[in-house]
Structures are given as C-alpha cells and as structure tokens.
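Here are the chains, one letter per residue:
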Amino acid sequence: MRRRSHHHWRYATAATAATVAIALTAGCGSDSDSGNSSGGDDGPSAADAAQQRLADNPALADLVAAAEEEGALSLNWGLHGQGGLDSLVDAFQEAYGLDLDVTLTPDQNMPGNTAKLIQEHNAGSPSSTDALLGNPELIRNAAQAGALAETDWAAVAPWTEGLASGDNMALSLLDQIPGFTYNTTLISEDEVPRTAADVLEMDQAIASTPYAAQFNVLGADEAMGVDGVRDYLRAFEPEGYFGCGELNRVASGEFAALWISCGKNLADVVAEEGAPLETAVLADAASVSSWYMGIPENAQHPAAATLFATWLVTPEAQELLYEQEFADNRLVEGSRTAQEIAEYEADGVNFTEVDYQFTADHPELYNTEFKDELIGLLTTK
C-alpha cells in the first residue's frame, strides 16, 4: 500500500527537489511519449513545459517532491465535459512525472461540498477533498469560516500572478458566462431576445432556476440595481423551474429556454453531443463569473492539491480545459473565453465581472435576506 504523509510541501528539502528534478527528466521521455497536451503543433508538450518551469524554481521542485511524498490526491469535483477531470489529472501526472493514488468523486453540488468542508473544519476532521472548487461566493464563505488555508501561490508558481484572490485564499480556474440558453428548434434567430426586457415579451415556455441563479448579480448598480431587479422579477413569470445542470429539459423541448442559465459553456458541452442548444448573452444583463480553487486547512494532501491547482492554470492545461468545458480562465494568455468576451463587448454587451472581490464589495447582493426575497419574487406568482 502506498504510504501517505501529511507533511506540508514547504518542509521538503532541496535534496528531495534535486531528486525529483532528476526523476522528472528521466521519466518525461520524448515528445512522442510524453503527450503533447498543448494541443498545438508548435507548442511544447505538457512535460516539456513543466520541466522548463522547474529549471530555475526550487520552490516548485520542493512542491513536486512533497506531492510525491504524499502519494495521493482526492477531489470532490464536478466538471461537465467528456473525459472531464480524469484526463486533466492524467495530463497533470504525466507533466510532473508523478504516480499519485488519485480518488475522484464527481460531485457538482458546490454548495453541498462547501457546507461539508466547513463542517469538517469545525469538527477538526480531515477534509474529504484536497481542494475546494466553487463560485466566488462559496469560496469566500469557506475562507471566512477559516476552512481554507492561505497559500502563497505566486511563490511556487509565478505564472499564477494576478489569478489569486487578494487574500491568497483562492486561485481562479475558469470563467463562465451566464445567459439565455434556448432550444434552436423552438426559438428562431429572429426571436432570440437581445435584452432582459425582450424576455418578458416572449410567448414560449421559459423556465428559470428555483434558486434565482444570477439574478442577485443584476442588482448591481451597473446592471439593474436592487430595485430594478425586484421590479423585473415581479414581471417575469417562468413556466417552470429546474437546476442549471438539467439542460436536457430545454434540449428535449419541454421548455424553450432557461433564463438565467449558469454558463453558456454548459450548453455548449451538451450541444457538442448534438443537442439543439445555444446561449444568447443579453446586452443589458451580462456577467462573467469566475470559479475558484482553494486548499482546505485540513487537506490530507495539500502539496499535491496545490501543485494540481497551479498546473491547471498553465496555458497547456487551460487549453485542455477549454476543449472539455468550453470555458477557461480569461486572465490566462491565449484564453478563448477572453476572446469571446471581447467579441460580445464589441457588439455592445456590458459585463458585470463577478469575482471574489465583487462578492466582498457587494454584501447587499450576497446575503440570505436579499436572495430569499428574489427567490420569492421569482417563484411566487
């Protein structure tokens, strides 16, 4: 059985780092057998890129050594694309020449995972996941509860500069663009709404989420404002309610659309399989919401988790991520999500940027009373 250690990576020695660097050089092999995860013809393989980063970075080498010593990685994460997390973990292990005992539990219940992590922290129990994945609000809740460890991401991974939250509690992974996700066989191009007001005029069966997803963001001053979103939800009468992950109910024709969907990439993943789904980003009700990764205070394999999180925001990992999730980190060089945002903005769309700091700066939008009020306005007609 593989030995597991709880030693933190910061305590790894330069000697172990040197050992790991040699092992990586021996284990990575040629381009042909290391897997060119960059996806491009001219870019370096994932393993080559990893070695280049390790060359002058003893802190990163120490982290790799510590991860190897821990010998395992456990994640309760939910991604959406085919292959999803498994292929990303495989590419990560190949990049750093690791053979970790990896346990992946597909779980897309971010609120449930966050609540579980906080309970585990309060009970002094080991975390059931080595890294928490969540939207800005959930990640910040976990940080405020003391369940996440402050991590100096840039000290070991300089390429993460600008991607971490201001308090270093979390690292951004990807950005989602919520919108009006619709069935292209039920809503013609001419009928697609351009503004939030247009949705109110539609005759088709429009559904929403029972938890009023994203509507609180429209309460920002740069969008509708808190009184404006209240008035809007008094006028909006959905035909039904379901979760963001149930887009099959739009694809099947049960509903013509979901407003507001949690991310156009979710529909793009389903459409890739042939479903008649598209997402319109409405000019006056657009936002971009970041997903973050945080390392729990009581993570059992913090070095492996930190190494994996920092690798996920390398350009080659982001390319793999986009191929599966149709979303990546808009702040990473070469981001296709950033290109999409630029194209929307050129068409006159104004985005509200919902990141970790946004949730901190807008307590009026992120409190139970306001959100419950919006849910009541949406679901009680």
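Scoring rules and cut-offs
- Residues numbered from 1 in each chain as written.
- Predicted model: local features only at pLDDT ≥ 70, side-chain atom pairs only at ≥ 80, totals over all residues.
- Heavy atoms only, no water.
- Disulfide = S-S within 2.5 Å.
- Helix = DSSP H or I, 4+ residues; strand = E, 2+ residues; numbered from the N terminus.
- Buried < 20%, exposed > 50% of the residue type's maximum accessible area, 1.4 Å probe, protein only.
- Contact = heavy atoms within 4.5 Å.
- Phe/Tyr/Trp six-rings, centres within 6.5 Å; stacked < 30°, edge-to-face > 60°.
- Salt bridge = Lys/Arg side-chain N within 4 Å of Asp/Glu carboxyl O.
- Expected span 1.5 Å × (residues − 1).
- Arc of directions from axis to C-beta.
- Polar contact = N/O pair within 3.5 Å; in protein donor to acceptor, adjacent residues only side chain to side chain.

Draft legend 1. Just the state of the cysteines, in detail. Taken as a whole and judged by the stated rule, the model has 1 disulfide. Covalently, Cys-244 is tied to Cys-262 through a disulfide, its sulfur atoms 2.0 Å apart. What sets the handedness of the Cys-244 and Cys-262 disulfide is the S-S torsion sign, and at about 65 degrees it is right-handed. Taken together, the residues Cys-244 in the loop between β7 (240-241) and α11 (248-251) and Cys-262 in the loop between β8 (257-261) and α12 (264-271) connect sequence positions 18 residues apart. Overall, the relative accessible area of 15% leaves Cys-262 in the buried class.

Draft legend 2. Inspection of the environment of Gly-179 at higher detail. Relative to the assigned elements, Gly-179 resides in strand β5 (residues 179-183). Judged by relative accessible area, Gly-179 falls into the buried class, the value being 1%. When sequence neighbours within four positions are dropped, the list of residues in contact with Gly-179 reads Leu-258, Trp-259, Ile-260, Ser-261, Thr-279 and Ala-280.

Draft legend 3. Structural context of the packing of aromatic side chains. All chains considered together, the criterion is met by 16 aromatic pairs. Ring plane angle 50 degrees and centroid distance 5.9 Å describe the contact between Phe-92 and Trp-311, whose orientation is recorded as tilted. On the criterion of sequence distance, the pair formed by Phe-92 in helix α5 (residues 84-96) and Trp-311 in helix α13 (residues 302-312) is long-range, its members being 219 residues apart. Among the aromatic side chains, those forming a connected cluster through ring pairs are Phe-180, Tyr-182, Phe-215, Tyr-232, Phe-236 and Trp-259.

Draft legend 4. Representation of the pattern of salt bridges within the structure. Throughout the structure, instances matching the rule amount to 11 salt bridges. Where Glu-137 meets Lys-371, a salt bridge forms, and the shortest distance between an N and an O atom there is 2.8 Å. Here Glu-137 is found in helix α7 (residues 136-144), whereas its partner Lys-371 is found in helix α17 (residues 368-379), with 234 residues between them in sequence. Of the charged contacts in the structure, one is a salt bridge between Arg-330 and Glu-353, with a shortest N-O distance of 3.6 Å. One end of the pair, Arg-330, is in the loop between α14 (315-325) and α15 (336-346); the other, Glu-353, is in strand β11 (residues 351-354), and 23 residues separate them in sequence. One connected set of salt bridges, linked through shared partners, spans Asp-175, Arg-330 and Glu-353.

Draft legend 5. Here's a closer look at helix α6 (residues 110-123). The terminal C-alpha atoms of α6, which comprises 14 residues, lie 20 Å apart, in line with the 20 Å expected from a rise of 1.5 Å per residue. Within α6 the residues assigned to the buried category are Met-110, Asn-113, Thr-114, Leu-117, Ile-118 and Glu-120. The buried residues of α6 occupy an angular sector of 160 degrees when projected down its axis, which confines them to one face. Exposed residues pointing more than 90 degrees away from the buried face of α6 are listed as Pro-111, Gln-119, Asn-122 and Ala-123. In this structure, the buried residues of α6 make contact with β1 (72-77), β3 (132-134), α7 and β10 (286-294). With a side-chain oxygen positioned 2.8 Å from the backbone nitrogen of Gly-112, the residue opening α6 is Asn-109.

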